[in-house]
Amino acid sequence: MDLAKYRVTDGKDFKLKQHDTNDRGTYSGKKEAIEPLAANLELLQELQDKLYAHNQYGVLVILQAMDAAGKDGAIKHVMSGFNPQGVLVKAFKTPSVEELDHDYLWRSFPWLPAYGNITIFNRSYYEDVLVVKVHNLLPAAKQTTSDGSPDIWKLRYRQIRDLERYLTENGIIVVKLFLNISRDEQGERLLARIDEPDKNWKFSAADVHERQFWDDYMDTYEEMIQGTATEMAPWYIIPADRKWFSRLLISEILVQTLQKLPLAYPEVTDEARAAMVTYRKMLLEEGKDLPSGGVLQ
């Protein structure tokens, strides 16, 4: 799949309205996407195994979106094939008192991936240039930069670019996914959470409240992507109105990202291989003592 139309590496001319929330690429429907999604999930298992064994890169996957855009579904249907031993999912909610006593990036640091691992952020430090901006949650004392400049948001965009450059240069690959859902589709999904009993647990009145600020959020997302999309850490704009296509696209992005890394299983020395021959003989000898007379499999 050609990812160029979904990848934003320079936000200078980025306009969110130019990205169709209902896009489905070259696929005619959900049935056509079943096989390539399954193939990608199988590939991801193999690539994750190599990533873990190689132990020189980590992957940070960031999911940002409006409520009901499919973040949880993407984690469930795309990331579920990973070996849990090498994957961490971290959801960021309202900051705690302790977190508010630190700089806005501080609470993300303990959850960054170790080498060989994948960490998935369900929301992230980007909330501090999204909801915080839309609802003007910054205390007055923090609304100006250290030099008195009033544009705290441009400063934060630059700080985030610096962080992501630092991570990338140290072997942490940053994959940023914005699930782009339409207001109408979000409304349908929120109604489903009310009308379908098995989805009632997902419903939150806060989701409906936030819809009142839809236009503000869209403007803020657009400005955030303009300010933080880079060649090192691009944004991918995921059409989210069709869940089946968004999941397929996310799986393709992850596959292509991992395939670009020079991953390999650690080489075994000649000395180690020679030792294995000896150990193999020992194990086979043990097998002769088994009641069935068999060998270890």
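Since the model is a prediction, treat every value here as computed from it, not as a measurement. (Residues numbered from 1 in each chain as written. Predicted model: local features only at pLDDT ≥ 70, side-chain atom pairs only at ≥ 80, totals over all residues. Heavy atoms only, no water.)

Note that Asp 241 resides in the loop between strand E6 (235-239) and helix H9 (243-259). Between the alpha carbons of Asp 241 and Asn 83 there is a distance of 29 Å; along the sequence they are 158 residues apart. In this structure, Asp 241 is in contact with Thr 21, Asn 22, Asn 180, Ile 181, Ser 182, Glu 185 and Arg 189, ignoring residues within four places of it in sequence. At a separation of 2.8 Å, a polar atom in the side chain of Asp 241 contacts the side chain of Thr 21. A distance of 3.0 Å separates a polar side-chain atom of Asp 241 from the backbone nitrogen of Ser 182. (Helix = DSSP H or I, 4+ residues; strand = E, 2+ residues; numbered from the N terminus. Contact = heavy atoms within 4.5 Å. Polar contact = N/O pair within 3.5 Å; in protein donor to acceptor, adjacent residues only side chain to side chain.)

So, on to the packing of aromatic side chains. One pass over the full model with this rule turns up seven aromatic pairs. For the ring pair Tyr 6 and Phe 245, a centre distance of 6.2 Å and an interplane angle of 55° mean the geometry is tilted. Of the two residues, Tyr 6 is situated in the segment before strand E1 (7-8) and Phe 245 in helix H9; the sequence distance between them amounts to 239 residues. In this structure, Tyr 6 and Phe 245 share a single accessibility class: buried. Ring centres of Phe 92 and Phe 121 lie 4.8 Å apart, and the angle between their planes is 80°; on these two criteria the pair is classed as edge-to-face. Linking Phe 92 in the loop between strand E3 (87-91) and helix H3 (97-100) with Phe 121 in strand E4 (residues 118-122), this pair joins segments that are 29 residues apart in sequence. According to the relative accessible area criterion, Phe 121 is buried, its value standing at 0%. Site record: aromatic cluster; members linked through ring pairs are Tyr 6, Tyr 27, Trp 244 and Phe 245. (Phe/Tyr/Trp six-rings, centres within 6.5 Å; stacked < 30°, edge-to-face > 60°. Buried < 20%, exposed > 50% of the residue type's maximum accessible area, 1.4 Å probe, protein only.)

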